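Here is how the chains run, residue by residue.
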Amino acid sequence: MDPCSSDGDDRLYLEELVEKSLIHLQLWKDVVVEDKLVVWKGVPVRLLTGCPPHVLSHDEKPADGIGREYILPVNMTQYKEEQVTLAFLDIVFSELCAKDTKRIILAIVNTDGTVVFYFVYNGVHKPKRN
Amino acid sequence: MAKPKGKSLQQRYKYPLPIHPIDYLPSVILHNPVSWVYWAYCFWKATNIPSKRVHIEFEGGVNFPHIVVQDKDDMKYLWKNGFFGTGQLSRSEPTWLERQEGASKERSNDLALEKITERRRIQRLEFKKERVKLEKQLLDLRRNGGNIEQENALLVQEREMLRMFKQRQQEEGLGDNNSVVEESMIEGTAVDHEYVDIESLELMSVEATFLSFALPILDISPKVLLSRLFGPSNDITYGDIHKFITHYVTYHHYRSLGWCVRSGIKFGCDYLLYKRGPPFQHAEFCIMVLDHDKSKDYTWYSSISRVIGGAKKTCVLCYVERLLPEDQIVEYWRTDNFIKLFGSYRVGEVIYKRWIPGKNRD
């Protein structure tokens, strides 16, 4: 990606914010920005990967160990403008993730200084018991 | 939530806005006219215009600018006087540095919001594990062909045990699960055990506008701020600014009525209203900003009301009405007549509540 373009600036800042938030607020380990890149509607998209400090959902068995998670950063404005469509997520799963990846984490960056995280599963997933 | 001492909170967050009343005038002694003159002189000389403005930076690219405050004292000042902004590495109040220092000293009585949340989550998790264990017993009983009475007895027993478990957790309070939290928090950006603060305070565009247009706090004029956010005013069309204006008008409306207004992103709404501020009590109302002449389909109202209801808050639909034609508004924007511009809108609100016949008898 061209770091000089304005889109590049936005993208880099977005990745940096999510990375900082994961490491220093959520206390994740080994967080890295991946090299692989796809362009969706003119916007370059990269994923982050990292290890959470504990199992993320109590439905998972701790026996499986804590795996690396994929994180997809988007801006709230882009999210509201419906950049995140099924077709987009399909491309993210097929181009940016390892084969048979079950889920990614959508990191939505708001302009009030918060990042909110949501699971996105590839296909139908049994709902978690609350 | 743990309750810190009420009085110190009152003192700590004495002012609801970063502008303070003139409260340092000398006393007047009735039989001493000189004191009247002195008082009048002090009153005439007194000002509550802040001596120093808060500096903001724009970060990120042009499309999605983030407004941040980096000076340590300014961050504290904005938080303490009306709860403006959010620490980028905290839940709300910028406490990252304190948390790091606290973790390395292993202070166990630290009441940072992040720690309370973490502990509550751990407790909830333990409760759920316990529940699964007990449910397995019931399943086993059913598989082995237990009769209804046995089942009911077990159910009663289970319920009792879960209740006891929860009670025990509450009694243990927030004190016990420290080790889990502390351990995971020790890693940080330590340089010889001195932490470098890497956190900035981020302001929403409406907050920055309020602190520049309504109060003289930021070192930027509303004109410069808004052209930085929306581009040169000559190219502006009404469509570009409509959403921002309705949101700002709503924000200003509640701020001027004395509410503490913060972002509602965690509850899927536009704003949260606090009576005084986050350290005092939970937010009571969730605000959704809407155009007065547009309607959404029913599922939209239903779904946000369920989310908000789940958080035990009240959903307020805030309808904003434009009183002047669009080109008049754009004209005001171009000529920086923001007082007239924001004054050309009217705000009306409706509470939306799910009604359950069995529960809402009164």
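Here the residue numbers are simple positions, counted from 1 along each chain's written sequence. The naming scheme follows written order: chains are lettered A onward, ligands numbered 1 onward. For this predicted model, a pLDDT threshold of at least 70 governs which residues receive local features, and a threshold of 80 or more governs which side-chain atom pairs are given and counted, while totals over whole chains, interfaces and linings are taken from all residues. Side-chain figures throughout are based on the complete set of non-hydrogen atoms in the structure, without hydrogens or water.

Undergrad: Looking at this structure, I do not really get the overall build of chain A. What am I missing?
TA: When helices and strands are tallied, chain A shows 3 helices and 7 strands. Each helix (α) and strand (β) of chain A, taken in turn from the N terminus, gives the series α-β-β-β-β-β-α-α-β-β. The C-alpha atoms of chain A give a radius of gyration of 15 Å, which matches the 14 Å a tight globule of 130 residues would have. Burial classification: accessible surface area is computed with a 1.4 Å probe over protein chains only, and a residue below 20% of its type maximum counts as buried, one above 50% as exposed, and the rest as partly exposed. Considering chain A as a whole, with its 130 residues, one finds that 46% of them fall into the buried category. Between two residues, a contact is recorded if the distance between any of their heavy atoms is within 4.5 Å. The long-range share in chain A, meaning contacts at least 24 apart out of those at least 6 apart in sequence, stands at 52%. Accessible area of chain A: about 7100 Å², with a carbon and sulfur share of 53%. Elements are defined by DSSP. Helices are runs of H or I of four residues or more, strands are runs of E of two residues or more, and each kind is numbered from the N terminus. For a compact globule the rule gives 2.2 Å times the number of residues to the power 0.38, and the radius of gyration it is set against comes from C-alpha atoms. Residue burial considers only the protein chains on display, and all accessible areas are found by Shrake-Rupley using a 1.4 Å probe.

Undergrad: What exactly am I supposed to notice about the confidence of the model for chain A here?
TA: The predictor reports its confidence for every residue as pLDDT, a score running from 0 up to 100. Looking at chain A as a whole, its pLDDT mean stands at 86, while 91% of the residues score no less than 70. Put simply, helix 2 (residues 76-80) of chain A is where chain A has its lowest mean pLDDT, 82, and strand 4 (residues 48-51) of chain A is where it has its highest, 94.

Undergrad: Can you walk me through the sheet that holds strand 7 (residues 115-121) of chain A in this structure?
TA: All names here are of chain A. Spatially, the 5 strands line up as an open sheet ordered 1-4-5-6-7, and their pairing is mixed. What marks the edges here is a single partner per strand, and that holds for strand 1 (29-33) and strand 7. Across the sheet, the mean angle separating the axes of adjacent strands is 25° when strand polarity is ignored. Strands are labelled as partners when DSSP assigns at least two bridges between them. With 3 bridges connecting them, strand 4 and strand 5 (residues 69-75) associate as antiparallel partners. When the sheet's bridge partners are listed, T49 is paired in strand 5 with Y70. For helices, the axis comes from a line fit to the C-alpha atoms of the stretch in contact; other axes are also lines fit to C-alpha atoms, and the angle between any two N-to-C directions lies between 0 and 180 degrees.

Undergrad: Where do I start with the pattern of salt bridges in this structure?
TA: By salt bridge we mean one thing: a side-chain nitrogen of Lys or Arg within 4 Å of a carboxyl oxygen of Asp or Glu. Here the structure, examined in full by the defined rule, presents 15 salt bridges over all chains. Two residues, A:R103 and A:E69, come together in a salt bridge whose shortest N-O distance is 2.7 Å. Within this pair, whereas A:R103 is found in strand 6 (residues 103-109), its partner A:E69 is found in strand 5, the two being separated by 34 residues in sequence. With relative accessibility at 10%, the residue A:R103 sits in the buried group. Classification of A:E69 as buried rests on a relative accessible area of 9%. The partner of B:E93 in a salt bridge is B:R12, and the shortest N-O contact between them spans 3.8 Å. You can see B:E93 sitting in the loop between strand 3 (86-87) and helix 4 (96-105) and its partner B:R12 sitting in helix 1 (residues 6-12), a full 81 residues away along the chain. What you see here is one network of salt bridges that share partners, running through A:R11, A:E15 and A:R46.

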